[in-house]
Amino acid sequence: MADYKVSLRYATSLIDLALEKNILDSVSNDIEFVGDTLEKCPELKRALENPVIKPETKSSILDEIFKSRINPETMHFIRFLVKKGRENLLGEIVSKFLGLRDKNMNIVNVDVQSAYEMTEDQKEKLKTRIEKVLNKKARFRIKINPEVVGGFIAKVNDTVYDASVKHQLETLKQILLKNGTALN
């Protein structure tokens, strides 16, 4: 629980800095790049979490990887984490930062499952409806799932919007059973 609070505090300070200096887009891109790098390179993550490796070594590794690719403010923040001995929380700080950024920009992530690839028109109509219902901008992650049969299932945080044919048939079955209609 303490790591959660510490990560949130660092992420909040970074987003405040980015907003204050009007570089949120640049810092966001940098943080996404850092997060992707940590995800694709588990050795780097293990090195940052290893207490045997000296902070100077960790700092030089991070400089070598990121210095020429990210904003100086973001690099300064990463060096600050190493100086404070919090480099082991970098992955969690990235996650918290991206969540705070989305909240600040009024964006919600929507995971959509569909039996088939949706057309651009279908995606746009679905996005428009979800944005209208939630009163937020939607960022879609679409996944093909043949078990959906038809329609789609959209998940926003803990809320699921099930517009699949399978779900509609199950609902109809429950209504018919409730009303005592024979299903032969």
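Residues numbered from 1 in each chain as written. Predicted model: local features only at pLDDT ≥ 70, side-chain atom pairs only at ≥ 80, totals over all residues. Heavy atoms only, no water.

A. Layout of the packing of helix α4 (residues 55–66) against helix α5 (residues 72–83). Between α4 and α5, the least distance of the axes is 9 Å, while the angle of their chain directions is 160°. Taken together, α4 and α5 sit at an angle that is classed as roughly antiparallel. As for the relative orientation of α4 and α5, their crossing is right-handed in sense. Here P55, K58, S59, L62, D63 and F66 of α4 come into contact with α5, specifically with M75, I78, R79 and V82. Tallied by class, residues from the contact of α4 with α5 come to 6 nonpolar, 1 polar and 3 charged. (Axes fitted to C-alpha atoms, helices over the stretch in contact; angles between N-to-C directions. Helix = DSSP H or I, 4+ residues; strand = E, 2+ residues; numbered from the N terminus. Parallel < 35°, antiparallel > 145°, perpendicular 65-115°, else oblique. Left-handed = near helix turned anticlockwise from the far one by under 90°. Contact = heavy atoms within 4.5 Å. Nonpolar A, V, L, I, M, F, W, Y, C, P; charged D, E, K, R; others polar.)

B. Here's a closer look at the sheet that holds strand β4 (residues 159–162). The 4 strands lie next to each other as β2-β1-β3-β4, forming an open sheet whose pairing is mixed. The sheet terminates laterally at β2 (137–144) and β4, the two strands that pair on one side only. The average angle at which neighbouring strand axes cross in this sheet is 20°, direction not considered. Direction of pairing for strand β1 (residues 107–114) relative to β2: parallel, over a ladder of 8 bridges. Across the sheet, residue N109 finds its bridge partner in β2, namely R139. (Pairing = 2+ DSSP bridges.)

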